[in-house]
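# Structural description and commentary
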Amino acid sequence: MAGTAFPSGDPRADRRAEYAETLADAGETAAAVEVLTGALDLAPGWAAGWFRLGELLEAAGDTEAAARAWDRAVAADPADPLGAGLKRDLARRVPVAEAMPPAFVELLFDQYAPRFERALVDGLGYRGPELLLAGLAAAGLHRFARALDLGCGTGLMGAALRPRCDWLGGYDISARMLARAREKGVYELLEKRDIARLALGAERYDLIVAADVFIYLGALERIIGWCAGSLAEGGALAFTLELGAQPVELRESRRFAHSRAYVTGLLTDAGFSALTVTDCVLREDRGAPVAGLSVVATGLPRRFDRQGDGEAEVCA
């Protein structure tokens, strides 16, 4: 529980929070709310306490009070490592977040790293690497000089892609996930990066992949633009995402889904002229299949960097 896993710094508040958890476990939610509210009177700047109070209020059916508690959690810690802002937006059913807080994603995957592959592959039937390799093969793409795995996690995609690459790099926001990926020995480069805030550099890649990663970003304009600008001539972008009815849809899972029209529109605007967009099942969630899209985008126009008076042209 958030309220006890992240202590307040005030032993009196922590003891009350522990008692609140005992009451909650016994099904006495209203009493738990009252006790935890008293704990927060002692520690009003305790973000995890406000987050947990929001969860209890939501369980009690008071969604507006829950949203106010999550507001307090964000105010107490604007980095929002527990994702209180996402919970608040969902409760009010007017999502305003365009991306998940980086601190939330980092904490989520740092905690998830030890059991990530077992839970995802064995428990949820995850198929991201398989889907992307099939999509690339269908597009006639089999070998890559330089490839970049965005949100590489523990290296599931990298291990599948390694035989097809001369050089493979990976970015991820979670240090613990990167440590697991490093153990596989399949990457030439692994760096801790927030892919939602990448700045365009001089590096160019023949392939950029993002397996089940864009579901944590929300609005995709910036990352699609970065990918288009970071591909070498003839390069390909391949990714999976959850399929939604709205352009950008925040779900109860606190993951984002995207519509087909939104994604294809962004890719076209970014200059990709050849798109393969395939309906698929990404994994299971609570026993139900998660509908998604597997996307391969190619056909960027040739770009030139003009130097001096324009007499010399160097392909970007």
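The terminal C-alpha atoms of helix H4 (residues 47–59) lie 19 Å apart, and with 13 residues this matches the ideal 18 Å at 1.5 Å per residue to within 8%. In terms of residue burial, H4 counts as a mostly covered element, since ten of its 13 residues are buried. Every buried residue of H4 is listed here: Ala 47, Ala 48, Gly 49, Trp 50, Phe 51, Arg 52, Leu 53, Gly 54, Leu 56 and Leu 57. Following H4 by one or two positions, Gly 61 has its phi on the positive side, about 90°.

What follows deals with helix H11 (residues 175–184). Those residues of H11 not exposed but buried are Met 177, Leu 178 and Ala 181. Taken down its axis, H11 places every buried residue within 100° of arc, on the same side. Along H11, exposed side chains directed more than 90 degrees from the buried face belong to Arg 176 and Glu 183. Positive phi appears at Gly 185, one or two residues downstream of H11, with a value of about 65°.

Turning to the confidence of the model for the chain, a few remarks are in order. Here the chain averages 88 in pLDDT, while 91% of its residues score no lower than 70. Confidence, read as mean pLDDT per element, is least for strand S11 (residues 312–315) in the chain (36) and greatest for strand S4 (residues 205–210) (98). Here residues 304–316 scores under 50 on pLDDT; set against residues more than four positions off or in separate chains, the count is 18 contacts.

Turning our attention to the nonpolar core. Ranked by internal contacts, the top residues of the largest apolar core, which has 39 residues, are Leu 161 and Leu 207. Ranked by residue count, the leading element in this core is helix H7 (residues 102–112), at four residues. Of all hydrophobic cores here, the second largest spans 32 residues; its members include Tyr 171, Cys 227, Leu 241 and Leu 300.

Contact geometry of helix H3 (residues 29–42) with H4 gives a least axis separation of 10 Å together with a crossing angle of 160°. Considering the angle they form, H3 stands roughly antiparallel to H4. Handedness of the H3/H4 crossing: left-handed. For the pair H3 and H4, the contacting residues are Thr 29, Ala 32, Val 33, Leu 36, Thr 37 and Leu 40 in the first and Gly 49, Trp 50, Arg 52, Leu 53, Leu 56, Leu 57 and Ala 59 in the second.

Position of Asp 110 among the secondary structure elements: in helix H7. As a buried residue without a salt bridge, Asp 110 has its nearest oppositely charged side chain in Arg 176, at a separation of 5.0 Å. There is a polar contact of 2.5 Å between the side chain of Asp 110 and the side chain of Ser 174. Separated by 3.3 Å, the side chain of Asp 110 and the backbone nitrogen of Arg 176 make a polar contact. Among residues more than four places away in sequence, those in contact with Asp 110 are Ser 174, Ala 175 and Arg 176.

Here we take up the pairing of strand S9 (residues 288–298). Counting buried residues in S9 gives eight out of eleven residues, a clear majority hidden from the surface. Strand direction decides the pairing type here: strand S5 (residues 231–243) and S9, joined by six bridges, are antiparallel. Note on S9: the bridge partner recorded for Ala 238 is Val 296. Here strand S8 (residues 274–285) folds back onto S9 in antiparallel fashion, the turn holding two residues, of which Arg 286 has a positive phi close to 55°.

This next bit is on the pairing of S4. Extensive coverage of S4 is indicated by the burial of five of its six residues. One ladder, built from three bridges, connects strand S1 (residues 144–150) with S4; its direction is parallel. Looking at the pairing, Ala 147 lines up with Leu 207 of S4. As judged from the five bridges shared by S4 and S5, these two strands associate in the parallel manner. Paired with Val 209 across the bridge in S5 is Ala 238. For the crossover that starts at S4, traverses helix H12 (residues 221–230) and ends in the parallel S5, the hand is right-handed.

Okay, unusual backbone geometry next. Even without glycine at this site, Asp 80 takes up a positive phi of about 55°. One non-glycine residue, Arg 254, lies in the positive phi region at around 65°. Along the chain, Arg 254 falls in the loop between strand S6 (248–250) and strand S7 (256–258). Look at Arg 254 and you get buried, because its relative accessible area is 18%.

Conventions adopted
- Residues numbered from 1 in each chain as written.
- Predicted model: local features only at pLDDT ≥ 70, side-chain atom pairs only at ≥ 80, totals over all residues.
- Heavy atoms only, no water.
- Helix = DSSP H or I, 4+ residues; strand = E, 2+ residues; numbered from the N terminus.
- Expected span 1.5 Å × (residues − 1).
- Buried < 20%, exposed > 50% of the residue type's maximum accessible area, 1.4 Å probe, protein only.
- Arc of directions from axis to C-beta.
- pLDDT = per-residue confidence, 0-100.
- Contact = heavy atoms within 4.5 Å.
- Core = buried A, V, L, I, M, F, W, Y, C linked by side-chain atoms within 4.5 Å.
- Axes fitted to C-alpha atoms, helices over the stretch in contact; angles between N-to-C directions.
- Parallel < 35°, antiparallel > 145°, perpendicular 65-115°, else oblique.
- Left-handed = near helix turned anticlockwise from the far one by under 90°.
- Lys, Arg positive; Asp, Glu negative; His and termini not counted.
- Salt bridge = Lys/Arg side-chain N within 4 Å of Asp/Glu carboxyl O.
- Polar contact = N/O pair within 3.5 Å; in protein donor to acceptor, adjacent residues only side chain to side chain.
- Pairing = 2+ DSSP bridges.
- Right-handed = clockwise from strand over helix to strand, strands pointing away.

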